[in-house]
Structure formats: C-alpha cells, structure tokens
Amino acid sequence: MAILRLALQSLLNRRFTALLTLLSIALSVALLLGVERIRTEARASFANTLSGTDLIVGARSGPVQLMLYAVFRIGNATNNISWQSYQEIAAMPRVAWTVPISLGDSHRGFPVLGTSSAYFDHYRYGRNKPLVLVKGERFADLYDAVLGAEVATQLGYRLGDEIVIAHGAGDVSFARHEDKPFRVVGILERTGTPVDRSVHVSLEAIEAIHLGWEGGAPMRGLEIDAERARRMDLTPKAITAVLVGLDSRIATFALQRRINDYPQEPLLAVLPGVALSELWSVIGLAEHALLVVSAFVVLVGLIGMLTALLIGLEGRRRELAILRSLGARPTQVLGLIIGEALLLTLLGILTGVVLLITLFALGQPLIEARLGLQLGLGLPKLREWLLLAAVVATGLLVGLIPGWRAYRISLSNGLAVRL
Amino acid sequence: MTPVIRLHELRFRWCAQGPDILAIDALEVSAGERLFVEGPSGSGKSTLLGLLAGVNLPQQGRIEVLRQPLDQLSPAVRDRFRADHIGYIFQLFNLIPYLGIIDNVTLPARFSHRRRQRALARSPSLTAEAQRLLAHLDLDQPGLLRQPVSELSIGQQQRVAAARALLGSPELLIADEPTSSLDTDRRRAFIELLFAECAEMGSTLVFVSHDPSLEGLFDRTLRLPELNRAVHHQSAPMQRSASEPVVAPELTAPSAAATATRATAATVAAPGMPAEQSEQQPPRP
C-alpha cells in the first residue's frame, strides 16, 4: 500500500508525461469500448426493428437484400410483386394477415411507404410492441399521411401541414408530385426503428400520384389533377414487399417453400431471424476487424506507457538506490514501477469510460436522427468489463518489463549509483 | 559491551572470478562509537558500506551487525533489518525528488514498522517528529518546509537526508561522504549536528570520507587502505602497469595507502590484528 502511494506521488511529479500517457490510454480505451458498444447496440437495434412477422416476401433477390430494403429501407428493390400474386399469397391457407409495402418515393430524404391500414394493426417492433399514434389518426382520405416521430420532429411538422412527395428515393429530387400535396393527419410514437423515419400513405395514394407518370416522369398533356384521380381505379398494379403473419409458426417452412416455388412469378420468402443472422455473418467479419484494430490501438497506447516508464527509469537509478538504502526490497521496487503502470492504466480506463459516455451523450441526438441507433449511456456491461479487464491485465504485463529492469538494477547496483 | 559491528576474515569480490575488492581480517565497532573511515576512492569504502548495510554479501568470512550474522540471513530479512536498524546518508542527491521535505524525512516509517513506532514514541505524529528533527538540524525556517526538495541548497538537502536517516532512532548510522559537497565551515557544522543527534538517539556512527581534516572530530579513525589487504595485494601488479596512459581509479589506492601508513594513529586497528587485540578500544569520551 505504501508502495502504491509512492507510485502515485511519483506519477504526480511527472504529471505532464503521465497525463499524455494517460490520455493516449484513455482515447484508445474509449475507441475500443465505443466500437464494442456501437456494435452491440446496432445488433440490438436491428433485432428490435421487426417482431411478430413470420415471413418477408418480395421479388426474387437475396434474403439479406430483401430484408434490408423491406424492413430497414436500406438499398432498393430490384423488382416488384404483382398485385395478383399479393392477392394469392394473402389467400393462402395459414396466412393470418399480410401487410403490403410499396416503396420508392421520398419526402425530403425520408422514405415514403405506401401500405394499408393493416400496417398499423400488425406491425410489431421490440418485444411485440404495436405502433401507437401520439397525435391524430390513421390515414383515411386518399391524400392523408402519417409521419414517423423523427420525420415530424426533424422537419417540424404538425397535424394539418401540407407536404409534397418527391419521386425517387434521393435526398434531392427533381421530379416532385407537386400537383398532389398530402395532409399530415397523424404522428407515430418514437420506436427507435426505421418507422420513425418513414412517411406513411395508402397504397392507393402511391397509385394516384403516379397517374400519368408511367414513363417515370410526368408526360405533357396527360396530367391528371388530384380531384380527377379520386374518381379513377386506384388498385395498385404492383407492390414492393409483403410482411406475412401466420396462424401457427409450424406452417412457416411449408409456406416459405410454396412461395419460393410460386409458378407465376419469381418470388422470395425469408424468415426475418434467418436473414438477420445471415446479415451478421457478413457484417461480423468487418465488426471483428474493427474490434481487432481498436484492440491494437489500445496496445499502442500501452506501449507508449512502456516507453515512458523505460525512459523514466534511466533517470531514476538514484531514486532506486535511495529506496534500497531505506530497506525497500527489490520486489517493492518492482512493485513501485508496476504500481505506476497499474495506476496509469486504471486512470486511463476511467478517463476513457467517462470520455466515451460524454461523447455518446453529446452525439446521441445526431446518431439517433441519422442512424436510428439508440446508444446506451450506462456503465459498462459484462462483455465490456471483460474487455477492460483484458486492458488492465495487458497494462500489468507491460509494466512488468520496466519493473523487471528496475528490479535487476536495484539488485545488481545495490546502494552504488552508476549513472 | 558487545560491538555493534564485527567483521571476521571477510572477503568480497564483485564476481566469482574477479579479484578481491575487500579483504578485512578483523574489525569491531562498539555501540555509540563515532568511527571515521578514511580512504581514497577505490579503497573499498562504498563496498564496505554496502556490506554493513546488508546489500552486498561477502564470499567468505563473517559480518555481524547488532549481533545479527548478516551473511547468514536471507535477502528479505537483510532488507528488513536495514529498514529497522540502519540510517543511511549518501554523498549527494539523497532525496526523492517527488516527495516533499516532510515526506522525505518520514520515508523510513513507510518501510519499517519498528522505526515508525520509535518515531511515534518521541512525538505525537510522524510529521511532528520530522519537524522536531529538522528543527534540531536548523531547518525550521517558516516556509522552507513547503519548498520542493529540488530548490533546497546542497547543505539543506544533506541536513534533510540526515533527519531522514535519524528518524525512528536507528542503532547504526552510515554516512557515505555526506560532506564532500559542502564548504569547510558547513562541513564542520553538519558533522557537529550529526554528532549531537547521534548522541541523543544513542546511535553508532560510521562516517566515510576521503577528507583527513575531519578525523580529529571523531572518536576513532580507520584507514581503509591499511585495513583492506585486498588493496595491498593488488598494489604490486598495479604498480608495474602504472606507466600505462589509462589510469584506473584503483591506481590511486597504493599511493594513498602509503601516505595513510605514514599518518597511522594509535587508534587504528592495523590489518591482520587479532580480534582480541582490536577489542581494546580507547575509552569513549
């Protein structure tokens, strides 16, 4: 204990180098923990986005791609499902409910999702939580829109505001459906999922705004105004994907096979959990690479400490001789140097954790707005404690090198000081 | 009275194949004695002090300090023994730079429970005892104690070092040329302060210096080149190579030994003198 106090006093005396060393350890620890935390939070957030859905059905592509665009609004669909096929899937035995999804348009960078009111009945996230309207109601009129929480707060919309939908998914779009503005009728409660970033309208509305746009852009002379569109047949011709809920889970595989073998159209049905784990196996490699890189950064920080301690040792031979003359055992001299390494590592970790939590607290609104990720601000969890314990153990091992040198010096030199 | 230090047929060399650095047939120092060990550099002074402090071990012979056979104790026990019973003052740079004056003085109490208890027996707290010792050594100017040790003058530093060596009243005080960097006036004052404290604590003082002008202040003078037969043995081959341009520090030993022999005092325990004879010390003042 006396030795540890001495180590602390010695560090305080060299506060400038000690502080630099401590800072490099703190930054590297913050990086390591940050990577680990974002990794786990991202996984949790992905896993929480969709629940209760047994199958996701779309045009034939890859399972991961289908799930990414249908659920997470990442990437684009390569093809659509015909309305005919959708009707037949909905009529298949064991199908309890279906939610049609039509994507492709956007409002100021936020995706517009065409769906039916089944969406509000059956969409579940987190632990089977339903969507809740904090303000207003579901869309009833053709030109009604229900906003996700993030869309409403970020763009400052209130009930009754008019919004114009742009053609295409880009942030900046040149083709806008300006002739058919929508009215905000409802705002959803925050979910921490991509729902927060979506503008919800009816399938018929998607159909209506594209009347006369068959070529991908409004054709001159063929414009159909908003009121005339109401009187036309607005049954969709195609949708992007379908979320399917079943009566019993046992039927899942049979139905999946049946949809995959659907003769009229190449379709793909995936289980969300299976697609998600497939995604992790792809991302896992990058995740691990990131974790390994940050572990190496920690190692670099600790080697910085090793350098500082080893260089410091040369000027401390006199001090070691004094301590020996006072009856300090060589093991206590070893303990002094290792104690300094331990203190530096522990203080570095503490600073790193505080730094990370502060950064997360400051960055939280931005990250949540951009990525829909909710970062935990709590104390480290078990896996993080294990990482930190590994850092402490490495710090001790690193401290052993100058410690051993000091031990050798104090044994061989004794009270003689050879400078 | 039993001697504080007793050396018998002692041989020391740094490595097994190397030459003897120290070869002392017999030496005894009695309790409370103030011994002046004089010798030029290379005569084995530092080695002798390392042996007395239990840091180094002789290859042959016996070394007893406070009736403890140091050569038979384990390294850990010797370290403990040094912490408990020996105060040590270096030639220079005695202080731990990152500790304050008081912390430097109370440092022995961190390594020895016994010295902590003995210090607390004299003063209510370690700080108070440190201040008491510093005051005795004329270091009680207000404001001084808060200064970093690096800002003290050499003389002040040596007095702080003396206070540290005296804390907890160790039985044996070893000083390795503590005055060599002080000017003549301060040298004398420092030694007198040291004497007064040693007398009060009842400590034995072994004081090493190459400055013969100090020896009159001490009870007894020991001329190491005469006592250390290793130096005499070496002198013959060394003399022959003296024409070489590179002069090893050991080379200064023979000539110094010669002058030392001329100035031999009656009190010197001559080399090879039997133990019974060396016990007949002059009565202490």
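Within each chain, residues carry numbers counting from 1 in the order of the written sequence. Note on labels: chains are lettered from A, ligands numbered from 1, in written order. pLDDT decides what is reported in this predicted model: residues at 70 or higher carry local features, side-chain atom pairs at 80 or more are listed and counted, and totals for whole chains, interfaces and linings draw on all residues regardless.

Caption draft 1: View of the overall build of chain A. Looking only at helices and strands, chain A has 13 helices and 14 strands in total. Over its C-alpha atoms, taken along the principal directions, chain A stretches across nearly 105 × 45 × 35 Å. Exposure classes come from backbone-placed C-beta atoms, where a residue is buried if 20 or more other C-beta atoms lie within 10 Å of its own, exposed if 12 or fewer do, and partly exposed in between. Relative to its 419 residues, chain A shows a buried fraction of 41%. Note on contacts: each residue gets a C-beta atom placed from the backbone, and two residues are in contact if those atoms are within 7 Å. Counting contacts in chain A only where the partners sit at least 6 residues apart, residues at least 24 apart contribute 80% of the total. Think of it this way: any DSSP run of H or I at least four residues long counts as a helix, any run of E at least two long counts as a strand, and we number them from the N terminus.

Caption draft 2: The arrangement of the overall build of chain B in detail. Within chain B, the regular secondary structure consists of 12 helices and nine strands. The buried share of chain B, taken over its 285 residues, is 46%. Relative to all contacts within chain B whose residues are 6 or more apart in sequence, the contacts with residues 24 or more apart total 77%.

Caption draft 3: Structural context of the interface of chain B and chain A. With 23 residues of chain B at the contact, the number on the chain A side is 17 residues. Looking at the side of chain B that touches chain A, the elements that each hand over two or more residues are helix 1 (45-52), helix 2 (75-85) and helix 4 (107-111) of chain B. With five residues, the top contributor of residues to the side of chain B that touches chain A is helix 2 of chain B. In terms of residue class, the side of chain B that touches chain A is built from 14 nonpolar, five polar and four charged. Under the scheme applied, nonpolar residues are Ala, Val, Leu, Ile, Met, Phe, Trp, Tyr, Cys and Pro; charged residues are Asp, Glu, Lys and Arg; polar residues are all the others, including Gly.

Caption draft 4: Highlighting the packing of helix 7 (residues 154-166) of chain B against helix 8 (residues 184-201) of chain B. All names here are of chain B. Helix axes are fitted to C-alpha atoms over the stretch in contact, other axes to C-alpha atoms as well, and angles between N-to-C directions run from 0 to 180 degrees. Their axes nearest at 11 Å, the elements helix 7 and helix 8 cross at an angle of 15°. Here helix 8 runs roughly parallel to helix 7, going by the angle between their axes. With respect to the hand of their crossing, helix 7 and helix 8 are arranged in right-handed fashion. Contacts between helix 7 and helix 8 involve Gly-155, Gln-158, Arg-159, Ala-162 and Leu-166 on the former and, on the latter, Arg-186, Phe-190, Leu-194, Glu-197 and Met-201. Each angle receives one of four descriptions, namely roughly parallel if under 35 degrees, roughly antiparallel if over 145, roughly perpendicular if within 65 to 115, and oblique otherwise. Crossings are sorted by hand: turned counterclockwise from the far helix by less than a right angle, the near helix makes the crossing left-handed, and turned clockwise it makes it right-handed.

Caption draft 5: Up close: the pairing of strand 6 (residues 86-89) of chain B. All names here are of chain B. Side chains of strand 6 alternate between two faces, with Ile-86 and Tyr-88 and Gly-87 and Ile-89 buried alike. Taken together, the four bridges between strand 6 and strand 7 (residues 172-176) define a ladder with parallel strand orientation. The residue bridging Tyr-88 from the neighbouring strand is Ile-174, located in strand 7. Strand pairing is defined by DSSP finding a minimum of two bridges between the two strands.

Caption draft 6: Focus on the packing of helix 2 (residues 15-49) of chain A against helix 10 (residues 272-314) of chain A. Residues and elements named next belong to chain A. At their nearest, the axes of helix 2 and helix 10 sit 8 Å apart, and the two run at 170° to each other. With respect to their mutual orientation, helix 2 and helix 10 come out roughly antiparallel. Taken together, the residues of the contact of helix 2 with helix 10 break down into 17 nonpolar, seven polar and three charged.

Caption draft 7: Main features of the sheet that holds strand 7 of chain B. Residues and elements named next belong to chain B. Reading across from one edge, 6-7-8-3-9 is the order of the five strands in this open sheet, with parallel pairing throughout. Lying at the two open borders of the sheet, with one neighbouring strand each, are strand 6 and strand 9 (220-223). The mean inter-strand angle of the sheet, taken between neighbouring strand axes irrespective of direction, is 15°. In the packing of helix 7 onto the sheet, the strands contacted are strand 6 and strand 7, and the crossing angle to strand 6 comes to about 170°.

Caption draft 8: Here's a closer look at the pairing of strand 3 (residues 34-38) of chain B. Residues and elements named next belong to chain B. The element strand 3 is largely enclosed, with a buried count of five among its five residues. Of the two faces of strand 3, the one carrying Arg-34, Phe-36 and Glu-38 and the one carrying Leu-35 and Val-37 are both buried. By the bridge criterion, five bridges tie strand 3 to strand 8 (residues 204-209) in an arrangement that is parallel. Counted as the bridge partner of Val-37 is Val-208 from strand 8. Sheet topology note: the strand 3/strand 9 ladder contains four bridges and is parallel.

Caption draft 9: Structural view of the domain arrangement of chain A. Either an automatic procedure or a domain database provided the assignment from which the domain bounds are taken. Taken domain by domain, chain A consists of domain 1 (2-46 + 284-413) and domain 2 (55-270). Taking the mean C-alpha position of each, domain 1 of chain A and domain 2 of chain A sit 50 Å from one another.

Caption draft 10: Inspection of the nonpolar core at higher detail. Within the largest apolar cluster, 111 residues are counted, with the highest numbers of intra-cluster contacts made by A:Val29, B:Leu35, B:Leu52, B:Ala163, B:Ile174, B:Val206 and B:Phe207. Among all residues touching B:Leu35, those that are not within four sequence positions of it are B:Val29, B:Leu205, B:Val206, B:Phe207, B:Phe218, B:Asp219, B:Arg220 and B:Leu222. The term nonpolar core means buried Ala, Val, Leu, Ile, Met, Phe, Trp, Tyr and Cys residues held together as one set by C-beta atoms within 7 Å. Core analysis: the second largest hydrophobic core is formed by 65 residues, A:Phe46, A:Tyr86, A:Leu103 and A:Val195 among them.

Caption draft 11: Representation of the sheet that holds strand 2 (residues 22-30) of chain B in the model. Residue and element names in this part refer to chain B. Read across the sheet, four strands follow the order 2-1-4-5 without closing on themselves; strand pairing throughout is antiparallel. Each having just a single partner strand, strand 2 and strand 5 (68-69) make up the two edges of the open sheet. Inspection of the sheet shows strand 4 (residues 60-65) paired to strand 5 by two bridges, in the antiparallel sense. Across the sheet, Glu-64 pairs through a bridge with Pro-69, a residue of strand 5. Packing of helix 1 onto the sheet brings it into contact with strand 1 (3-12), strand 2 and strand 4, and relative to strand 1 it is tilted by some 120°.

Caption draft 12: Unusual backbone geometry, seen in detail. For A:Asn128, which is not glycine, the phi torsion reads 60° and is therefore positive. Along the chain, A:Asn128 falls in the loop between strand 5 (124-125) and strand 6 (129-130). Judged by the 8 C-beta atoms lying within 10 Å of it, A:Asn128 is exposed. If you check the backbone angles, B:Ser169 has positive phi at about 40° while not being a glycine.

Caption draft 13: View of the confidence of the model for chain A. For every residue, the pLDDT score states the predictor's confidence, bounded by 0 at the bottom and 100 at the top. Residues with a pLDDT of 70 or more make up 93% of chain A, whose mean pLDDT is 86. Across chain A, the secondary-structure element scoring lowest on mean pLDDT is helix 8 (residues 226-230) of chain A, at 80, and the one scoring highest is strand 11 (residues 199-202) of chain A, at 94.

Caption draft 14: Expanded view of helix 7 of chain B. Residues and elements named next belong to chain B. Each helix should span, by expectation, one fewer than its residue count multiplied by 1.5 Å. In a regular helix each residue adds 1.5 Å, so 13 residues correspond to 18 Å; helix 7 covers 18 Å between its end C-alpha atoms and thus fits that length. Contacts from the buried residues of helix 7 go to strand 6, helix 3 (101-105), helix 4, helix 6 (126-136), strand 7 and helix 8. Just downstream of helix 7, Gly-168 is the residue with a positive phi angle, here 75°.

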